[in-house]
Amino acid sequence: SASDELSGDARMPGRTSAVGSSTDDMEAMTEHARIKALVQDRVRNILAARSIVLPLLRETFTPNDPVHGLMHLPAIVKVVVDTLTFQRMRQIKQLGICALVYPGATHNRFFHSIGTCFLAYELTKVLQVRQPELCISNRDVLCISLAGLCHDLGHPCFSHMFEGFVHSLGKEKREQANTRAAAEGRDEPTEEEKKTIATYESWTHEQASVFLLKGLFKELEGPFREAGLRVDDDGDDFMCIGELIDPPKTELEALLAETQLKGKWSSIIKGRPVEKAWMYEIVSNWRSGIDVDKFDYFRRDALHLGIQRQFDHGRYIKGIKVVDDEGGVPTISPPDKDKDNLRENMMELRKHLHRTAYQHKTVKKLEIHMIDILKRMDEALRVTGLNGCKLRMSEAAVTFDPVAYPKLTDTFVESRLLDREDDTITQAADLYEQHILRRQMMRLVADWDLPRFLDGSDRPFPLPESEEVIAGLLAEYNSAASSCKTGRPVRAIVASELRSQVAKIHYGMGSQDPITRVVFHSTKSEAGSRGFQVDYDAKPLRQKIFVFWNPPVEELQDTVTLQRLTCAFHKWAEGKVTGPVIAVPASPSKLRAWRRPRASPSPSPTLGPAPAPAELVLEASMAAPTEMPAKRARRTLKINASCPAYPDP
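Reading guide: rules and limits
Residues numbered from 1 in each chain as written. Predicted model: local features only at pLDDT ≥ 70, side-chain atom pairs only at ≥ 80, totals over all residues. Heavy atoms only, no water. Helix = DSSP H or I, 4+ residues; strand = E, 2+ residues; numbered from the N terminus. Contact = heavy atoms within 4.5 Å. Areas by Shrake-Rupley, 256 points an atom, 1.4 Å probe, with all protein chains shown as cover. Axes fitted to C-alpha atoms, helices over the stretch in contact; angles between N-to-C directions. Parallel < 35°, antiparallel > 145°, perpendicular 65-115°, else oblique. Nonpolar A, V, L, I, M, F, W, Y, C, P; charged D, E, K, R; others polar. Buried < 20%, exposed > 50% of the residue type's maximum accessible area, 1.4 Å probe, protein only. Lys, Arg positive; Asp, Glu negative; His and termini not counted. Salt bridge = Lys/Arg side-chain N within 4 Å of Asp/Glu carboxyl O. Polar contact = N/O pair within 3.5 Å; in protein donor to acceptor, adjacent residues only side chain to side chain. Expected span 1.5 Å × (residues − 1). Left-handed = near helix turned anticlockwise from the far one by under 90°. Core = buried A, V, L, I, M, F, W, Y, C linked by side-chain atoms within 4.5 Å. pLDDT = per-residue confidence, 0-100. Phe/Tyr/Trp six-rings, centres within 6.5 Å; stacked < 30°, edge-to-face > 60°. Lys NZ or Arg CZ within 6 Å of the ring centre and 35° of its normal. Pairing = 2+ DSSP bridges.

## So, the overall build of the protein
Counting secondary structure elements, the protein contains 22 helices and 17 strands. Here the contacts in the protein between residues at least 6 apart in sequence split such that 75% fall between residues at least 24 apart. Counting every atom, the protein has about 30700 Å² of accessible surface; 52% of that belongs to carbon and sulfur.

## Looking at the packing of helix α19 (residues 410-419) against helix α20 (residues 426-437)
Angle between the axes and distance between the axes are the two parameters that describe a pair of packed helices. The geometry of α19 relative to α20 is characterised by a closest axis approach of 8 Å and an angle of 100 degrees between their N-to-C directions. Between α19 and α20, the interaxial angle falls into the category roughly perpendicular. On α20, the residues that touch Glu414, Leu417 and Leu418 of α19 are Ala428, Ala429, Tyr432 and Leu437. Each residue belonging to the contact of α19 with α20 can be placed in one class, and the counts come to 6 nonpolar, no polar and 1 charged.

## Concerning the side chain of Asp401
Along the chain, Asp401 falls in the loop between α18 (393-398) and α19. Buried within the structure, Asp401 lacks any salt-bridge partner; Lys407 is the closest side chain of opposite charge, at an N-O distance of 7.4 Å. In this structure the side chain of Asp401 is engaged in a polar contact, spanning 2.9 Å, whose partner is the backbone nitrogen of Val403. Beyond its immediate chain neighbours, meaning those up to four positions away, Asp401 contacts Phe211, Gly385, Leu386, Leu391, Ala396 and Pro406.

## Let's talk about helix α17 (residues 361-380)
Over its 20 residues, α17 runs 30 Å from end to end, which matches the ideal 28 Å to within 8%, given 1.5 Å per residue. Of all 20 residues in α17, 16 are buried; the element is thus mostly enclosed.

## Considerations on unusual backbone geometry
Trans peptide bonds make up most of the peptide bonds, and negative phi angles are found at most residues other than glycine. Its identity as a non-glycine residue notwithstanding, Cys135 has a phi of 55 degrees, on the positive side. As for its placement among the helices and strands, Cys135 is situated in the loop between α5 (109-130) and α6 (138-150). The class for Cys135 is exposed, based on a relative accessible area of 57%. The backbone of Phe158 shows a phi angle near 60 degrees, a positive value even though the residue is not glycine. Take Phe158: its relative accessible area is 3%, and that puts it in the buried class.

## Some remarks on the packing of helix α12 (residues 249-257) against helix α13 (residues 261-268)
Running from amino to carboxyl end, α12 crosses α13 at an angle of 160 degrees, the nearest separation of the two axes being 9 Å. Judged by the inter-axis angle, α12 sits roughly antiparallel to α13. The hand of the α12/α13 crossing is right-handed. In this structure, α12 contributes Glu251, Leu252, Leu255 and Leu256 to the contact, and α13 contributes Leu261, Lys264, Trp265 and Ile268. Looking at the contact of α12 with α13 residue by residue, the class counts come to 6 nonpolar, no polar and 2 charged.

## Describing the pattern of salt bridges
Evaluated as defined, the whole model comprises 40 salt bridges. A salt bridge links Arg420 to Glu433; the nearest nitrogen and oxygen atoms lie 3.0 Å apart. Remark: Glu433 occurs in helix α20 and Arg420 occurs in the loop between α19 and α20; sequence separation between them is 13 residues. The network of salt bridges with common partners includes Arg139, Asp140, Arg230, Asp232, Asp234, Asp237, Arg272 and Lys276.

## Some points on the nonpolar core
The biggest cluster of nonpolar side chains holds 129 residues, and the ones touching the most others in it are Leu149, Trp278, Leu305, Tyr316, Met370, Met377 and Val413. It is α5 that contributes the most residues to this core, 9 residues altogether. If sequence neighbours within four positions are ignored, Val413 has contacts with Cys157, Phe158, Met370, Leu374, Met377 and Met393. Residues Ile470, Ala481, Val547 and Ala573 belong to the second largest nonpolar core, which totals 27 residues.

## Focus on the environment of Cys117
Tracing the backbone shows Cys117 in helix α5. Taking the C-alpha atoms as reference points, Cys117 and Val292, separated by 175 residues in sequence, lie 8.3 Å from one another. Ignoring sequence-local partners within four residues, the contact set of Cys117 consists of Leu73, Val77, Ser145, Gly148 and Leu149.

## As for the confidence of the model for the protein
The predicted model of the protein has a mean per-residue pLDDT of 85, with 82% of residues at 70 or higher. Of all helices and strands in the protein, the one with the weakest mean pLDDT is strand β16 (residues 616-620) (35), whereas helix α3 (residues 75-81) scores best (98). Here residues 1-19 is a poorly scored stretch, pLDDT under 50, and it has 19 contacts once near neighbours within four places are set aside; other chains count. Across residues 589-636, where pLDDT falls below 50, the model places 98 contacts with residues more than four positions away in sequence or in other chains.

## As for the packing of aromatic side chains
Evaluated as defined, the whole model comprises 16 aromatic pairs. Grouped by ring-pair contacts, the aromatic residues Phe162, Phe165, Trp203 and Tyr405 constitute a single cluster. A cation over a ring is seen here: Lys173 above Tyr200, with NZ or CZ 5.0 Å from the ring centre. Sitting over the ring of Phe111, Arg300 keeps its end group 5.5 Å from the ring centre.

## Quick notes on the side chain of His521
Here His521 lies in strand β11 (residues 520-521). There is a polar contact of 2.9 Å between the side chain of His521 and the side chain of Ser333.

## A short note on the pairing of strand β9 (residues 443-449)
By the criterion of burial, β9 is predominantly enclosed, with 6 of the 7 residues buried. Alignment of β9 against strand β13 (residues 541-549), held across 6 bridges, turns out to be antiparallel. Opposite Asp449, over in β13, you have Lys544 as the bridge partner.

## A look at helix α11 (residues 237-245)
Within α11, 8 of the 9 residues are buried, which leaves it mostly tucked inside the rest of the structure. Turning to α11, its buried residues number three or more, namely Asp237, Phe238, Cys240, Ile241, Gly242, Glu243, Leu244 and Ile245. Those residues of α11 that are buried lie in contact with α6, α9 (205-219), α10 (221-227), β3 (231-232), β4 (235-236) and α13. Sitting at the amino-terminal end of α11 is Asp236, which places a side-chain oxygen 3.1 Å from the backbone nitrogen of Phe238.

## Examining the pairing of β13
By the criterion of burial, β13 is predominantly enclosed, with 8 of the 9 residues buried. Pairing geometry for strand β10 (residues 498-506) and β13, over 9 bridges, is antiparallel. Residue pairing in the sheet places Ala503 in a bridge with Lys544 of β13.

## Quick look at the environment of Phe238
Residue placement: Phe238 occurs in helix α11. Along the chain, Phe238 and Leu213 lie 25 residues apart, while their C-alpha atoms are 9.3 Å from each other. Setting aside residues no more than four positions away along its own chain, Phe238 makes contact with Phe217, Phe224, Arg225, Leu229, Arg230 and Val231.

## Things to note about the environment of Ile332
Here Ile332 lies in strand β6 (residues 330-333). Here the alpha-carbon distance between Ile332 and Val322, two residues 10 residues apart in the chain, equals 4.6 Å. What Ile332 contacts, discounting residues up to four positions off in sequence, is Trp278, Glu281, Ile282, Tyr316, Ile320, Lys321 and Val519.

This is the structure in structure tokens:
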């Protein structure tokens with residue numbers, strides 16, 4: 001405080017004796033008055049300096065948002081927004097291919113980033129006022145706000161789908177390297193090949209965001225320093241912003257599990273000391289995943305998808321405070337009365353959005369088709385990069401080329417596919433017209449919701465690899481196809497026609513419940529903070545298997561082969577569990593029930609290599625229902641399909 005800073009100057013000189021001349025008294029009074037005036041003047045100067053708001057920190061940027069309304073943000077935010085690096089996000093749709101299934105979901109990364117910045121700014125200001133003991137400086141507020149603003153700078157075309165494209169290339173490179181190694185008599189790929197493969201398989205848009213952010217630091221060095229960003233004993237602001245966007249989650253979680261986070265914090269985090277560890281839980285929360293990024297996109301995506309469900313993040317922001325966890329590390333703590341609200345209205349909303357939109361079966365089909373198209377483009381198209389170097393799109397991404405990578409937007413890809421000016425990508429353009437524009441898409445063989453847990457344990461049911469699913473289906477295909485007596489010969493199926501994707505629909509941390517990672521506090525007592533080891537109402541993980549058939553376009557209406565494939569998938573699925581396996585139609589309006597008698601099912605499904613016979617109830621999509629199926633056994637495993645697994649006899 002100002003009084004503390006002046007404590008040394010404000011001491012009054014004592015009198016040398018109780019009795020003195022009147023001249024001495026006057027001199028002492030004059031000296032006293034002079035010192036008092038100096039103290040008051042210095043206090044006024046210090047308080048005035050503290051009340052001054054730098055021009056770039058004044059809330060003069062006021063965009064109007066359909067989600068958050070009128071937002072008041074510091075002027076430095078507009079300086080960042082008005083750069084080419086930030087403006088490119090106008091050309092990147094927030095949900096990528098999902099907009100082809102939900103036509104209203106054409107919102108972009110541009111406004112999501114500004115909305116995230118606004119929530120980060122508001123949350124930090126609330127803590128600054130509520131808990132002055134945290135000593136939150138304007139620099140802290142600015143670092144957190146800029147991290148929220150720039151957290152998605154590195155998103156390429158089609159958002160998260162492009163990451164899947166790069167990872168699939170890494171998988172192909174690994175298979176090719178293993179084949180070469182076997183042909184040359186080596187046990188494994190070379191070190192150089194391993195390094196290249198790892199670059200593709202581990203690539204993320206967060207890495208690209210930090211890379212582009214460093215370019216912004218150079219471009220806007222003057223304005224950033226004028227706004228107060230610097231490097232000193234209190235921290236490295238520029239490094240802090242990058243760490244807030246992409247914190248080393250694996251290392252932090254390991255130290256937390258070992259209860260060594262407080263002591264070893266400075267070994268992995270350079271931007272801020274451990275006393276401000278709570279800052280790393282606002283934009284990208286490594287501890288629980290509850291952060292302002294999700295607050296914005298949950299509400300924004302639901303609005304544009306037409307889903308009438310939302311999480312009240314305003315209540316969360318007004319209720320939180322910073323407390324120490326069991327290890328003495330400051331963490332953001334909501335009130336314990338909000339536990340159920342977080343689970344039911346935030347965690348379940350995340351699952352709902354994934355199940356309904358992000359991992360919708362048609363979205364999955366379009367994403368697979370689009371990745372195939374990007375691979376065709378990657379082989380032929382070259383993007384001009386630094387020093388005129390010609391790069392593949394994937395090379396521009398994994399090398400973070402400062403010239404070529406920013407060009408990779410939705411507009412860049414779609415315009416080249418639509419205008420057909422480049423003869424080298426004619427095949428890709430044909431596939432785009434066929435599958436994306438004319439919607440001649442692959443067919444759904446099955447969509448299986450796996451059981452949650454292994455029987456008798458709390459371990460999640462093992463999710464099979466895509467290759468295992470396809471191999472299992474092909475192994476059952478001939479025998480399953482023979483049981484479908486349609487009078488048509490069995491069509492041969494090759495593995496390249498089948499596509500399988502596995503999906504995890506969860507609270508954000510796989511099988512782990514984020515609620516158990518949150519430190520709650522009580523609003524009615526000073527008893528301290530506490531966590532919940534188990535939330536018995538939580539259902540954090542659902543796993544699904546999608547299987548699609550991608551034949552030539554002229555065979556897409558071959559429902560007989562599709563039925564046979566579905567039948568084969570059922571046989572494979574029955575080998576994974578015991579108990580009933582029930583098929584339901586992909587479209588409820590095409591419901592038809594057919595029942596095939598089999599041995600009585602086991603009273604409860606259990607995992608085992610040799611499953612007991614199970615009753616198979618199939619609801620087909622051929623005509624209106626003529627007979628209702630018998631009452632289903634508990635915990636049946638549902639498989640969606642476009643066509644019935646078994647035709648009428």
